[in-house]
Amino acid sequence: MIYGKGRLDAKHAAETALLKGNLKVAELNLKNEKDARLGDAILATEAAKRQAALSTKIDELNTYAETLEDANRECLSGADVERLRDLWK
């Protein structure tokens, strides 16, 4: 009976060590997943800001195009050129 208990204890110790190892791997994977999600959220926020800035710029250019003194001319007037330069700043 003593030999059986020793083998059983060794088996349980091996299983416990395996489970602890699996737990550490799972915790590391969870941490990596959280870090990746945080990074994705930061990138998405930056992309949204760039998209909003681009939309604003497009709206400004559309407004500019609608208010040109003579939209059918090939050359812009001096005031129109200055407004266009201001939009690109």
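Residues numbered from 1 in each chain as written. Predicted model: local features only at pLDDT ≥ 70, side-chain atom pairs only at ≥ 80, totals over all residues. Heavy atoms only, no water.

**Focus: the overall build of the protein chain**
Along the backbone of the protein chain there are two helices and zero strands. In the form shown here, the protein chain has an accessible surface area of approximately 7800 Å², with 62% of it arising from carbon and sulfur atoms. (Helix = DSSP H or I, 4+ residues; strand = E, 2+ residues; numbered from the N terminus. Areas by Shrake-Rupley, 256 points an atom, 1.4 Å probe, with all protein chains shown as cover.)

**Some thoughts on the pattern of salt bridges**
Applying the stated criterion across every chain yields a total of two salt bridges. The partner of Asp35 in a salt bridge is Lys31, and the shortest N-O contact between them spans 2.9 Å. Linking Asp35 with Lys31, this pair stays in helix H1 (residues 2-66), spanning four residues, or about one helical turn. On the basis of relative accessibility, which here comes to 47%, the residue Lys31 falls in the partly exposed class. One salt bridge in this structure joins Glu33 and Arg37, with 2.9 Å as the shortest N-O distance. Note that Glu33 and Arg37 are positioned in helix H1 at a spacing of four residues, about one turn of the helix. By relative accessible area, which is 56% here, Arg37 ends up exposed. (Salt bridge = Lys/Arg side-chain N within 4 Å of Asp/Glu carboxyl O. Buried < 20%, exposed > 50% of the residue type's maximum accessible area, 1.4 Å probe, protein only.)

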